[in-house]
Amino acid sequence: MTNPSSRTKIKKEISHIALIMDGNGRWARSRGLPRYEGHAQGLRTLRKLLRDLKNLNINYLTLFTFSIDNWKRPKEETSKLMQLLRKFISNDLSELHSNNVRIKVIGSRNEIPKDIVDLIKGAEALTVNNTGLYLQVAFNYSGRQEIINATKKIAIASAKGEIDPNKIDNTIFESNLYSAGVPDPDLIIRTGSEKRVSNFLLWQLSYSEVYFEECLWPDFNKNKLDLAINDYNSRSRRFGNVINEYK
Ligand code: FPP
């Protein structure tokens, strides 16, 4: 019998972290503020974290900033969230660019205002050759929608004879996702004490390590990120395999 504690741990360097930044509304409510003040504070927290990340060896960071399902919220709140993306790109783009950050926004562009689509295209074009942190911003995003979208693209290509349906595999499927070319997250962190994935990166999270942080997003910081990374480093990633059990 192999003692489970003797299993070799595969310590992988973290390359990609994904963040579900939950708890802005509760942060605001607990201070008697409107919900959008929580989102505004959430953006300040994000900005600070991006600055602190400079010394961490992370290659990819994916942020869940607006879910397609968030359109169910009152117009006042969705308008403020649209405004926040405008603010993020207008105020932070030059600093991110000078820090060699590449920006890619994933999600549907159909429902978002044209001026925001233009801002997104401008940010992506400006930073396309940057080689530092790859910042993937999920905005107007849905994991199910992404999978349906990829399926449609593959079905259309198959119907045109460009893809042999019998050859459809992980590689072909992934190359049709919004996140094509980006490796799957190693670690996903959700703040705000809820324990769910909420339609985020449904394909890509298959073997990601999941970490739930109790604090509300506006209270998140580099120390809490370090705790999550330490926790990740203590885990054994086996990807369905067994390690040292048959020796
Ligand atoms: C979920 O908290 C958070 C969001 C829907 C928005 C996240 C946005 C930011 C962190 C700011 C950065 C945004 C952009 C666009 C750059 P919640 O509102 O569900 O909080 P609750 O669970 O306490 O109600």
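Up top is the structure.
Not measured: the values here are computed from a predicted model. (Residues numbered from 1 in each chain as written. Predicted model: local features only at pLDDT ≥ 70, side-chain atom pairs only at ≥ 80, totals over all residues. Heavy atoms only, no water.)

## Structural notes on helix H5 (residues 143-159)
Here's step 1: With 17 residues, H5 should cover 24 Å at 1.5 Å per step; its first-to-last C-alpha distance of 24 Å lies within 8% of that length.
Here's step 2: Taken together, the buried positions of H5 are Gly143, Glu146, Ala150, Ile154, Ala157 and Ser158. Buried residues of H5, viewed axially, fall in a sector of 105°; they line one side. The exposed set on the far side of H5, more than 90 degrees from its buried face, consists of Arg144, Lys152, Ile156 and Ala159.
Here's step 3: Where H5 is buried, its residues meet strand S4 (134-141) and helix H6 (170-174).
Here's step 4: At the N-terminal boundary of H5, the capping side chain belongs to serine 142, with an oxygen 3.4 Å from the backbone nitrogen of arginine 144.
Here's step 5: Positive phi shows up at glycine 161, right after H5, with a value of about 80°. (Helix = DSSP H or I, 4+ residues; strand = E, 2+ residues; numbered from the N terminus. Expected span 1.5 Å × (residues − 1). Buried < 20%, exposed > 50% of the residue type's maximum accessible area, 1.4 Å probe, protein only. Arc of directions from axis to C-beta. Contact = heavy atoms within 4.5 Å. Polar contact = N/O pair within 3.5 Å; in protein donor to acceptor, adjacent residues only side chain to side chain.)

## Some words on the sheet that holds strand S5 (residues 187-190)
Here's step 1: Strands sit in the order S3-S4-S2-S1-S5-S6 across an open sheet of six strands; the sheet is parallel. Looking at the sheet topology across the chains shown, the edges are occupied by strand S3 (102-106) and strand S6 (209-212). Neighbour-to-neighbour, the strand axes of the sheet open up by a mean angle of 20°, direction not taken into account.
Here's step 2: Bridge analysis of strand S1 (residues 16-20) against strand S2 (residues 60-67) gives five bridges, and the strand direction is parallel. Bridging from a neighbouring strand, isoleucine 20 pairs with phenylalanine 64 of S2. (Pairing = 2+ DSSP bridges. Axes fitted to C-alpha atoms, helices over the stretch in contact; angles between N-to-C directions.)

## Some details on the packing of helix H3 (residues 75-98) against helix H4 (residues 114-127)
Here's step 1: Contact pair H3 / H4: the axes reach a minimum separation of 10 Å and the direction vectors enclose 20°. One element, H3, and the other, H4, form an angle in the roughly parallel class. The handedness of the crossing between H3 and H4 comes out as left-handed. Of the residues in H4, those in contact with Met82, Leu85, Arg86, Ile89, Ser90, Leu93 and His97 of H3 are Asp115, Ile116, Leu119, Ile120, Ala123, Leu126 and Thr127.
Here's step 2: Residues of the contact of H3 with H4, tallied by class, amount to nine nonpolar, three polar and two charged. (Parallel < 35°, antiparallel > 145°, perpendicular 65-115°, else oblique. Left-handed = near helix turned anticlockwise from the far one by under 90°. Nonpolar A, V, L, I, M, F, W, Y, C, P; charged D, E, K, R; others polar.)

## Section: H4
Here's step 1: Counted at 1.5 Å a residue, the expected span for H4 with its 14 residues is 20 Å, and the 20 Å between its end C-alpha atoms agrees.
Here's step 2: Residues of H4 that are buried: Ile116, Val117, Ile120, Ala123, Glu124 and Thr127. What you see down the axis of H4 is that its buried residues fit within an arc of 125°, all on one side. Turned more than 90 degrees away from the buried face of H4, the exposed residues are Lys114 and Ala125.
Here's step 3: Against the buried residues of H4 lie H3, S3 and S4.

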